[in-house]
Structures are given as structure tokens and as C-alpha cells.
Amino acid sequence: MSLIITDECINCDVCEPECPNEAISQGAEIYEIDPSKCTECVGHFDEPQCQQVCPVDCIPLDKDNVETKDQLMAKYIRLTTAP
């Protein structure tokens, strides 16, 4: 499952630089996570780094983008392997 940023986001800018996949970007009103790039930090860290630094706890799992750890690892490999 990828992560999602809820409307409780305060635009504090701490999550974006923590994402190793560059999946987080500034949206129209709040930061957003691109589910095609989010691996929940699988392959990089033991826990999602954006969740660790978020001061308002507004980055839950995205129930509309359910993925297994194996799928997240496959995505990580796809994102980090040169073509």
C-alpha cells in the first residue's frame, strides 16, 4: 500500500526531502504522494521516513492503493534500476 497525505497537512516541508523515491511533491493546497513512486520506503528504510518526521501525523496508509511488501519491493527495484 502506498501512503497518502491527508488534509490535516500543515505544509511544514519536512516530509518532501525525506522521501528517497521523490514521491512527495507540493500539490495545489497540500503535499501529495505519487502512488506510482511510493514504496513506503521498502528497499531503503525499515519504516516510512515521511511518517517518522511528520509533526501532525497526517500520512496514513492509502487504502485505495493496496500493495504487498513483495509488490513494494518490485516497485523499488523498478524505480532504482537503470534502464
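Residues numbered from 1 in each chain as written. Predicted model: local features only at pLDDT ≥ 70, side-chain atom pairs only at ≥ 80, totals over all residues. Heavy atoms only, no water.

> Could you give an account of the confidence of the model for the protein chain, with specific residues and numbers?
Mean pLDDT over the protein chain stands at 95; residues scoring 70 or higher make up 100%. When mean pLDDT is compared element by element in the protein chain, helix α1 (residues 49–53) scores highest at 98, while helix α2 (residues 69–80) scores lowest at 95. (pLDDT = per-residue confidence, 0-100. Helix = DSSP H or I, 4+ residues; strand = E, 2+ residues; numbered from the N terminus.)

> Break down the side chain of Asp 62 for me, with residues and values.
Inspection of the secondary structure assignment puts Asp 62 in the loop between α1 and α2. For the buried Asp 62, which has no salt bridge, the nearest side chain bearing the opposite charge is Lys 63, at an N-O separation of 9.2 Å. In terms of polar contacts, Asp 62 uses its side chain to reach the side chain of Asn 65, at 2.5 Å. (Buried < 20%, exposed > 50% of the residue type's maximum accessible area, 1.4 Å probe, protein only. Lys, Arg positive; Asp, Glu negative; His and termini not counted. Salt bridge = Lys/Arg side-chain N within 4 Å of Asp/Glu carboxyl O. Polar contact = N/O pair within 3.5 Å; in protein donor to acceptor, adjacent residues only side chain to side chain.)

> Lay out unusual backbone geometry in plain terms, naming residues and giving numbers.
At Asn 11, a residue that is not glycine, the phi angle is positive and equals roughly 55°. Inspection of the secondary structure assignment puts Asn 11 in the segment before β1 (24–26). Given the relative accessible area of 28%, Asn 11 is considered partly exposed. In this structure, Asp 13 is a non-glycine residue whose phi angle is positive, near 75°. Checked against the element boundaries, Asp 13 lands in the segment before β1.

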